[in-house]
Amino acid sequence: MPADTLAPTLHVGLLGCGDIAARRTLPALLRVPEAQLAAVAARDPDRAKSFGDRFDAPAAASYEELLTRSDVDAVYLCLPTLLHAHWAERALRAGKHVLVEKPLAASGADAERLFRLADERGLTLLENFMFLHHGTQRQVAALLESGRLGEIRTVSAAFTIPPRPAGDLRLDPRLGGGALLDNGVYPIRAALRFLGTGLTVAGASLRDSREHGVDLSGAALLTAPSGAVAQIRFGMEHHYRSWYEIQGSRGTLAVDHVYTTAPGHAPVIRVGVGTEHREITVPAEDHFEAVWRFFAAAVRGAEAEHRGLRLLSAESVAQAGLVDAVRSAAVRTRV
């Protein structure tokens, strides 16, 4: 039996009792034998107790108290965006591995600092982009590596969602709201995965809300050193779209429902090469479970996951820098 299958279960503490944790991330954790929920913490003690009762874990008195617990090896951060970098740093300095909801940081400088800190302390830091761990991504990677599409010329990607209700955290600038940080990072991440981390921003546009003080939507043109480009769109005032397309010198592939794939959905990769068109159906899976398995294996030091972690870390730093660059380059329209 491989050595890492004998490793002890990873004991995880939850910082922040957010909606995504309740609906998807913690239920997935409970189905993964490699990890176990050890404790939960929230600003509101009653909310922490409710989460603890629901998921059979003790409630810590505070975030700080959870970070001192000897039975917590790692923390999962599910907090408002502008709190991610602060508490990721606190957790790393407390000697905990960290899985943090995207985006890890609101600036490129913060992302670089956090990954440097994790590396110095020999800790695993992972930004939670579930779609990168779904079987769809492995199928797409294999198709690209086969050379069937030729050289990549263009990546087009969009993640748009309908308008948010009043009071939604994504409309609050004090908590890091706005479409760029909430869903714009997904198509940016797809562009980085397919074109590499050397992308620059050739142009961008943002629609800003006068009422809320956040960006509601936007677009950007990114350029790779090879001259290949990525055209990305994002927003929270649209019909739902979760999609990317890769156009090569010989063929094209596209996938819908790619960033927030439901666990029962079997994605379809549409491939066209010359006059040949085919569809490849990817088996359904829960990519939240896949993230937990990857994170636990990376903490154990499993070789394949360690190699993957280096790429993911480099992409996270590049992504945060591109968010800075999109903000700087954007032509802004106030609505």
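Here's what I pulled together on the structure shown here. (Residues numbered from 1 in each chain as written. Predicted model: local features only at pLDDT ≥ 70, side-chain atom pairs only at ≥ 80, totals over all residues. Heavy atoms only, no water.)

### Considerations on the sheet that holds strand β2 (residues 35-41)
Spatial ordering of the open sheet is given by β2-β1-β3-β4-β5, a layout of 5 strands whose pairing is parallel. The two strands at the open ends of the sheet, each matched to only one other strand, are β2 and β5 (125-128). Adjacent strand axes in the sheet meet at a mean angle of 25 degrees when their direction is disregarded. Inspection of the sheet shows strand β1 (residues 10-15) paired to β2 by 6 bridges, in the parallel sense. Bridge pairing in β2 links L10 to A35. Helix α2 (residues 45-55) rests against β1 and β2 of the sheet, and its axis sits at about 160 degrees to β2. Helix α8 (residues 287-300) rests against β1, β3 (74-77), β4 (97-101) and β5 of the sheet, and its axis sits at about 155 degrees to β4. (Pairing = 2+ DSSP bridges. Helix = DSSP H or I, 4+ residues; strand = E, 2+ residues; numbered from the N terminus. Axes fitted to C-alpha atoms, helices over the stretch in contact; angles between N-to-C directions. Contact = heavy atoms within 4.5 Å.)

### Considering the pairing of strand β7 (residues 200-208)
Sheet topology note: the β7/strand β8 (residues 215-223) ladder contains 8 bridges and is antiparallel. Bridge pairing in β8 places V201 opposite L222. Between the end of β7 and the start of β8, which pair antiparallel, lie 6 residues, with G213 showing a positive phi angle near 75 degrees. Where β7 meets strand β14 (residues 330-334), 5 bridges bridge the pair, whose relative direction is parallel. Following the sheet pairing, L206 is matched in β14 by R332.

### Observations regarding the pairing of β8
Remember that side chains alternate between the two faces of the sheet whenever the strand is regular. Of the pairings in the sheet, the one linking β8 to strand β9 (residues 229-235) comprises 7 bridges and is antiparallel in character. Pairing of A219 across the sheet is with R233, part of β9. Hairpin connection from β8 to β9: 5 residues lie between these consecutive antiparallel strands, with G227 at a positive phi of about 100 degrees.

### Concerning the packing of aromatic side chains
This structure, assessed with the given rule, holds 14 aromatic pairs. When the centroid spacing of 5.0 Å and the interplanar angle of 80 degrees are considered together, the rings of Y63 and W87 count as edge-to-face. Of this pair, Y63 sits in helix α3 (residues 63-67) while W87 sits in helix α4 (residues 81-93), placing them 24 residues apart in sequence. By relative accessible area, W87 is classed as buried at 8%. Ring plane angle 90 degrees and centroid distance 5.0 Å describe the contact between F159 and Y186, whose orientation is recorded as edge-to-face. Of this pair, F159 sits in strand β6 (residues 152-160) while Y186 sits in helix α7 (residues 179-195); the two residues are 27 residues apart in sequence, bridging distant segments of the chain. Across the pair, Y186 and F159 agree in class, each one buried. Feature note: the residues F129, F131, F159, Y186, F194, Y240, Y244 and Y259 constitute an aromatic cluster, connected by ring pairs. A cation over an aromatic ring shows up here: R241 above the ring of W243, its NZ or CZ 4.7 Å from the ring centre. (Phe/Tyr/Trp six-rings, centres within 6.5 Å; stacked < 30°, edge-to-face > 60°. Buried < 20%, exposed > 50% of the residue type's maximum accessible area, 1.4 Å probe, protein only. Lys NZ or Arg CZ within 6 Å of the ring centre and 35° of its normal.)

### Looking at the layout of surface pockets
Approximately 1,200 Å³ is the volume attributed to the largest pocket. Lining the largest pocket are 39 residues, and of these D19, I20, C78, L169 and R170 sit closest to its centre. Elements that contribute at least two residues to the lining of the largest pocket include exactly α1 (19-30), α4, α7 and α8. When residues in the lining of the largest pocket are grouped by element, the largest group, 4 residues, is from α1. Of the residues belonging to the lining of the largest pocket, the class tally is 18 nonpolar, 9 polar and 12 charged. The space that makes up the second largest pocket amounts to roughly 510 Å³. Forming the walls of the second largest pocket are 23 residues, and the residues nearest its centre are L132, H133, R138, R193 and F294. Elements with a contribution of two residues or more to the lining of the second largest pocket: α6 (135-146), α7, α8 and α9 (303-329). (1 Å grid on protein atoms, 1.4 Å probe; cavity = no way out; pocket = protein on both sides within 12 Å on 5 of 7 lines; lining within 4 Å. Points joined across faces, edges and corners; volume = space filled by probe spheres on them. Nonpolar A, V, L, I, M, F, W, Y, C, P; charged D, E, K, R; others polar.)

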